[in-house]
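Each chain, written out:
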Amino acid sequence: MANKKKKTLTPVQQQYQSFAKEREPQRPVIKNSIRAFFAGGTICLIGQGIQDAMVHWFHYEEDKAGDPTVAILILISIILTSLGVYDKFAQWAGAGSAVPVTGFANSMCSAALEHRSEGYVLGVGGNMFKLAGSVIVFGVVAAFIIGIIHIFLGTGGS
């Protein structure tokens, strides 16, 4: 590698950095981690309850009950986002609300609500997939790569 020189700071810049560092608020990492853990866990617990209800009351097989469960969780997330409730929950829960499928539904619904004044095609359709598009592309590419690996290992396919 080329010999990169580390930029040295002037005394005024050093003084400013120490001044800024002293006044930077401490992040409550432990508290935020606990909130995220319990929020994400609660969402998953609700999902498990829905799945168990699908098996018990609607007579789905256990391996097939996941599909309507995900659809119901997405619907709940969209309704709560439309009412402005999910965003307040997400502020409190942090990453715990973003990881499950409900966070993905929230991001798409929020973008659609935010840009609906620009029209359905260019506003809603054009902006709804800005964040979601990269997630979808990553999922498809990852599934393709994992499928190829399974084929080469002889553990997948017919």
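Residues numbered from 1 in each chain as written. Predicted model: local features only at pLDDT ≥ 70, side-chain atom pairs only at ≥ 80, totals over all residues. Heavy atoms only, no water.

The next subject is the pattern of salt bridges. In a structure, side chains of opposite charge can pair up when their charged atoms sit close to one another. Considering all chains together, one arrives at two salt bridges under this definition. Arg23 serves as the salt-bridge partner of Glu22, at 3.3 Å between the closest nitrogen and oxygen. Residue Glu22 shares its accessibility class with Arg23, and that shared class is exposed. With a shortest N-O distance of 3.3 Å, Arg27 and Glu24 are connected by a salt bridge. Here Arg27 falls in the exposed class, since its relative accessible area comes to 62%. Assessed through its relative accessible area of 41%, Glu24 is described here as partly exposed. (Salt bridge = Lys/Arg side-chain N within 4 Å of Asp/Glu carboxyl O. Buried < 20%, exposed > 50% of the residue type's maximum accessible area, 1.4 Å probe, protein only.)

With that settled, the discussion passes to the nonpolar core. In terms of nonpolar packing, the biggest core is built from five residues, these being Met108, Ala112, Val124, Met128 and Ala132. When residues of this core are assigned to their parent elements, the largest contribution, three residues, is made by helix α7 (residues 120-153). When residues no more than four places from it in sequence are discounted, the contact partners of Ala112 are Val124 and Met128. (Core = buried A, V, L, I, M, F, W, Y, C linked by side-chain atoms within 4.5 Å. Helix = DSSP H or I, 4+ residues; strand = E, 2+ residues; numbered from the N terminus. Contact = heavy atoms within 4.5 Å.)

According to UniProt, the feature "transmembrane region" (unreviewed entry) maps to residues 33-50, 70-86 and 133-153 in the numbering used here. Regarding residues 70-86, the helix share stands at 88% and the strand share at 0%, and the terminal C-alpha atoms are separated by 17 Å. Between the end C-alpha atoms of residues 133-153 the distance is 30 Å, and the span holds 100% helix and 0% strand. (UniProt positions renumbered as here; feature names shortened; annotations may be inferred.)

Below, the discussion takes up helix α6 (residues 101-114). Residues separated by three or four positions in an α-helix point in the same direction, a consequence of the helix having 3.6 residues per turn. Taking 1.5 Å per residue as the helical rise, α6 with its 14 residues ought to reach 20 Å, and the 20 Å between its terminal C-alpha atoms agrees with that figure. Three or more residues of α6 are buried, namely Thr102, Gly103, Ala105, Asn106, Ser107, Met108, Cys109, Ala111 and Ala112. (Expected span 1.5 Å × (residues − 1).)

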